Amino acid sequence: GKLVELFYAKFTTDVSRWQENGSQGIKVAAVAAAKTPLREILEGIRGGERRVTFTYAELFEMFVAEFERLQLPKRELRAFLNDIPVVPLQAFKMLEAQCLVAGTRKMALLTVLSLIDFKPSCRWQCLRLLFWLAYSGGDDSSIRFDTIRLIINKIYSAGPHPPMRWQLNHLSDEEAAPLLGGAADGGLSWEISDEDFVPLQRLKGRCVEDVATIMLRSMAPKAAEFAFPIRVPIRVEQLRGELFKGVVCSPKDRVWLYLALCIKRPVLLHGLVETFTKCDQEMKEHLVNSIEEALKYIPASEPELLVLVQKAAPETERLIIKMLHILVQTSQGKEALSKDYGDAVTRLYGITQNPRLLVPVFDLLSRQSLLDFLPAVMELDVEEVTTAFQQFVRSKAPPLSVSELLTELHHMNSPTENVVPVKASMQALNVIFGMREHFDPKVYGIVIQALVEEAGPLPTLFMRTVIQVVKELPRLCDFIVMQILPRLVRQEVWGNDNMWRGFMLVLQHTFASQSAGAARVLAILPMSQLEDVLVQHPDWKTHLLDFVARQPAGAVAPHVRQLLQ
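Residues numbered from 1 in each chain as written. Predicted model: local features only at pLDDT ≥ 70, side-chain atom pairs only at ≥ 80, totals over all residues. Heavy atoms only, no water.

Student: Any chance you could explain the overall build of the chain here in plain terms?
Tutor: From N to C terminus, the chain includes 31 helices and 4 strands. Taking 24 Å as the expected radius of gyration for a compact globule of 565 residues, we find that the chain reaches 38 Å, considerably beyond that expectation. Dimensions of the chain along its principal axes, counting C-alpha atoms only, are 135 × 55 × 35 Å. Across the 565 residues that make up the chain, the buried fraction comes to 50%. A separation threshold of at least 6 residues defines the contact pool for the chain, and within that pool the share at least 24 residues apart is 69%. (Helix = DSSP H or I, 4+ residues; strand = E, 2+ residues; numbered from the N terminus. Rg over C-alpha atoms; globule rule 2.2 N^0.38 Å. Buried < 20%, exposed > 50% of the residue type's maximum accessible area, 1.4 Å probe, protein only. Contact = heavy atoms within 4.5 Å.)

If you want it as structure tokens, here you go:
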């Protein structure tokens, strides 16, 4: 308490002496106070030179030296700074030095926070220090990230201030007008009315956002032209200049504070997207890889995320694809993404024709869009096809059933037409078959029966799927032998060499477990085909004899009994 009193006494003495010596002509006390240059008086500086008299700032330096000699707790320094009448510039140099050291950084940052909250005259100096630390150069990234965490968690406030026009670059003037809070100039600029005082709400909101935006835009080439310039007070512009005069971090590190702000105020994402479009290829790739640090903490239901996709253009496609994949991951097990994402992606796909856009929203497409775009998706890499089908299989309300999707995949290739290469269809069918644990395997029975009942030639990969089923889904073997193979015989499957080879492979695989059913199939083969089969598989003759022996007279074609004699 006595130490604080000493500083008040020194403060009063120095100010009074200046007013007595330098302002005799000013009769009104209020006017004299208003014209008193406190910083010059207390720091002992006039015209850039330090004066000889013992100053308030020198008293503070003596205190700091003694404080450090006695190794007093840093928490006591915080209380002291809040109690003295004016915090000299030396205090901020001291806090800066403490912030550069890991062991003292936390306490120093909390002291800066305390000054912002309880010492209005210190706010601007505190803000300058924090931004200098958040964008400082050097190899120790912990300085930047510790400072950013403090700004985001303890200082920044996302509301209730309206956005500025440069934050709504994705909107037309008519769309933006209702969101700008009735600003007289349409949200194109703002000012700090007092030279020494920054309203706390302005500091915690507008100041933080706009400095972060200025630094984000500095990632783009200097010649880049943005839709709307950032028109900030002179003091904010001076702060930007000071940051670049010092040792500023590399352009790639100027995104982190902005990304953190986006978590609390997602409308800022539009500024990130605009900056992305202005950057060179290397910086674009960095932004694509970095955006997850914000998106994974933003609820997938956030309306601004949907707006980003709805307003997307070809030049933002790469960023949008990354964003969609992240949203799919973060929404798993939670509320599903809106079908509106499917519509928004469909619009963009209509412009870019890039099927990779469709992968993360494959289950959100309309039924017709999915059918139209399925061939394009099938020709992607296996990883992307897998991701698309995973979305589809996991969906609670897919645009098609799994059986309908399987049917469509088979229809891509027939003896008369290949909508996609057979290799692409094989890959897609393998992918969906690998997900069979996620749906009822009986679906394969439904699809196979529907395909075999269709008019016209069988799909090219039909028999391949039947072989997969009898090998991997033994519960369906009986159905295949009793229902599908007889129907194939009636359709004269031997007329197509590939189908006939597949037919024989199915018989070979099922004969041991389904010998009675397989023998029944053999018994309805024409003489030529049956003769060839028995030559290739003489061991099947015994099973066929047993089957024929149990049949009434006339139930088996005469050529069968003739071949068995």
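Now that the structure has been shown, we can carry on.
Student: I'm lost on the confidence of the model for the chain in this one. Help?
Tutor: Keep in mind that low pLDDT regions are not for reading the predicted coordinates in detail. This prediction gives the chain a mean pLDDT of 89; 93% of its residues lie at or above 70. The model gives residues 24–34 a pLDDT under 50, and that stretch makes 6 contacts with residues more than four places away or in other chains. (pLDDT = per-residue confidence, 0-100.)

Student: Hey, could you run me through the packing of aromatic side chains in this one?
Tutor: Each aromatic ring pair is described using two quantities: the centre-to-centre distance and the angle formed by the ring planes. Summed over the entire model, instances satisfying the criterion amount to 18 aromatic pairs. Seen from their ring centres, Phe11 and Tyr56 are 6.3 Å apart, and the 70° between their planes marks the pair as edge-to-face. Linking Phe11 in helix α1 (residues 2–22) with Tyr56 in helix α4 (residues 56–70), this pair joins segments that are 45 residues apart in sequence. For the residue pair Phe11 and Tyr56, the accessibility class agrees, reading buried in each case. Here the aromatic rings of Phe433 and Tyr444 are separated by 5.2 Å at their centres, their planes lie at 70°, and the arrangement is edge-to-face. Of this pair, Phe433 sits in helix α23 (residues 422–433) while Tyr444 sits in helix α24 (residues 442–453), and the two are 11 residues apart along the sequence. Relative accessible area serves as the criterion here: at 5%, Phe433 is assigned to the buried category. (Phe/Tyr/Trp six-rings, centres within 6.5 Å; stacked < 30°, edge-to-face > 60°.)

Student: Just checking my understanding: could you explain the packing of helix α15 (residues 281–290) against helix α18 (residues 317–331) for this structure?
Tutor: Between two packed helices, both the angle of their axes relative to each other and the distance between the axes serve to describe the pair. Closest axis-to-axis distance for the α15/α18 pair is 9 Å, and the angle between their directions is 15°. Judged by the angle between their axes, α15 and α18 are roughly parallel. The chirality of how α15 crosses α18 is right-handed. Of α18, the residues touching α15 (which contributes Glu285, Leu287 and Val288) are Arg318, Leu319 and Lys322. When its residues are assigned to classes, the contact of α15 with α18 shows 3 nonpolar, no polar and 3 charged. (Axes fitted to C-alpha atoms, helices over the stretch in contact; angles between N-to-C directions. Parallel < 35°, antiparallel > 145°, perpendicular 65-115°, else oblique. Left-handed = near helix turned anticlockwise from the far one by under 90°. Nonpolar A, V, L, I, M, F, W, Y, C, P; charged D, E, K, R; others polar.)

Student: What am I meant to see in helix α22 (residues 402–410) here?
Tutor: The α-helix winds at 3.6 residues per turn, so residues separated by three or four positions along the chain end up facing the same way. Counting buried positions along α22 gives 7 out of 9 residues, so the element sits mostly inside the fold. All of the buried residues in α22 are Val402, Ser403, Leu405, Leu406, Thr407, Leu409 and His410. The inward-facing, buried residues of α22 abut α20 (367–378), α21 (382–394), β3 (413–414), α23, α24 and α25 (462–472).

Student: Please clarify how the nonpolar core should be interpreted in this entry.
Tutor: In globular proteins that are soluble, nonpolar side chains generally tend to be buried together. Within the largest apolar cluster, 197 residues are counted, with the highest numbers of intra-cluster contacts made by Phe389, Phe462 and Phe503. Look past the residues within four positions of Phe503 in its chain and what remains in contact with it is Met463, Leu485, Leu488, Val489, Val493 and Val521. (Core = buried A, V, L, I, M, F, W, Y, C linked by side-chain atoms within 4.5 Å.)

Student: Sorry, what's going on with the pattern of salt bridges here?
Tutor: Close approach of charged atoms allows side chains of opposite charge to pair. Within this structure, the stated rule accounts for 21 salt bridges. Linking Asp117 and Lys204 is a salt bridge whose minimum nitrogen-to-oxygen distance equals 3.4 Å. One end of the pair, Asp117, is in helix α7 (residues 102–118); the other, Lys204, is in helix α11 (residues 200–217), and 87 residues separate them in sequence. A salt bridge links Arg356 to Glu384, with the shortest nitrogen-to-oxygen separation between them at 3.1 Å. Residue Arg356 is found in the loop between α19 (340–352) and α20, and its partner Glu384 is found in helix α21; the two are separated by 28 residues along the sequence. Its relative accessible area of 18% is what places Glu384 among the buried residues. Through salt bridges with shared partners, a single ionic network connects Arg105, Asp140, Asp146 and Arg149. (Salt bridge = Lys/Arg side-chain N within 4 Å of Asp/Glu carboxyl O.)

Student: Is there a simple way to think about α23 in this case?
Tutor: Over its 12 residues, α23 extends 16 Å from the first C-alpha to the last, a length consistent with the 16 Å expected when each residue adds 1.5 Å. When we look at burial in α23, the residues that qualify are Ala424, Ser425, Ala428, Leu429, Val431, Ile432 and Phe433. If you follow the buried residues of α23, they end up packed against α20, α21, α22, β3, α24 and α25. (Expected span 1.5 Å × (residues − 1).)

Student: Even after reading the chapter, I still don't get the environment of Gly434, so can you show me in this structure?
Tutor: Structurally, Gly434 can be placed in the loop between α23 and α24. A relative accessible area of 56% places Gly434 in the exposed class. When the C-alpha atoms of Gly434 and Pro85 are compared, they prove to be 73 Å apart, with 349 residues separating the residues in sequence.

Student: What's the story with the side chain of Glu302 in this structure? I'm lost.
Tutor: One can find Glu302 in the loop between α16 (292–295) and α17 (303–310). Within the local environment of Glu302, its side chain forms a polar contact with the backbone nitrogen of Glu304, the two atoms lying 3.1 Å apart. In contact with Glu302, other than residues within four places in its own chain, are Pro266 and Tyr341. (Polar contact = N/O pair within 3.5 Å; in protein donor to acceptor, adjacent residues only side chain to side chain.)

Student: Is there a simple way to think about the environment of Gly456 in this case?
Tutor: Inspection of the secondary structure puts Gly456 in the loop between α24 and α25. In the structure, Gly456 is positioned 42 residues away from Ser414 in sequence and 9.7 Å away in space, judged by C-alpha atoms.

Student: When you look at unusual backbone geometry in this model, what are you seeing that I'm missing?
Tutor: Backbone phi values are negative for most residues with the exception of glycine, while trans is the configuration of most peptide bonds. You will see that Gln353, though not glycine, has its phi angle at about 55°, which is positive. With respect to the helices and strands, the residue Gln353 is situated in the loop between α19 and α20. Residue Gln353 is classed as partly exposed on the basis of its relative accessible area of 48%. At Glu492, a residue that is not glycine, the phi angle is positive and equals roughly 55°. Here Glu492 shows up in the loop between α26 (477–490) and α27 (497–510). Judged by relative accessible area, which is 52%, Glu492 ranks as exposed.

Student: How do you make sense of the packing of helix α9 (residues 141–155) against helix α13 (residues 256–264) when you look at a structure like this?
Tutor: Packing of α9 against α13 brings their axes to within 10 Å, and their N-to-C directions diverge by 25°. Here α9 lies roughly parallel to α13, going by the angle between them. Once α9 is placed against α13, the crossing between them reads as right-handed. Side by side, α9 and α13 meet where Phe145, Ile148, Ile151, Ile152 and Asn153 of the first sit next to Trp256, Leu257, Ala260, Leu261 and Lys264 of the second. Partitioned by chemical class, the residues of the contact of α9 with α13 number 8 nonpolar, 1 polar and 1 charged.

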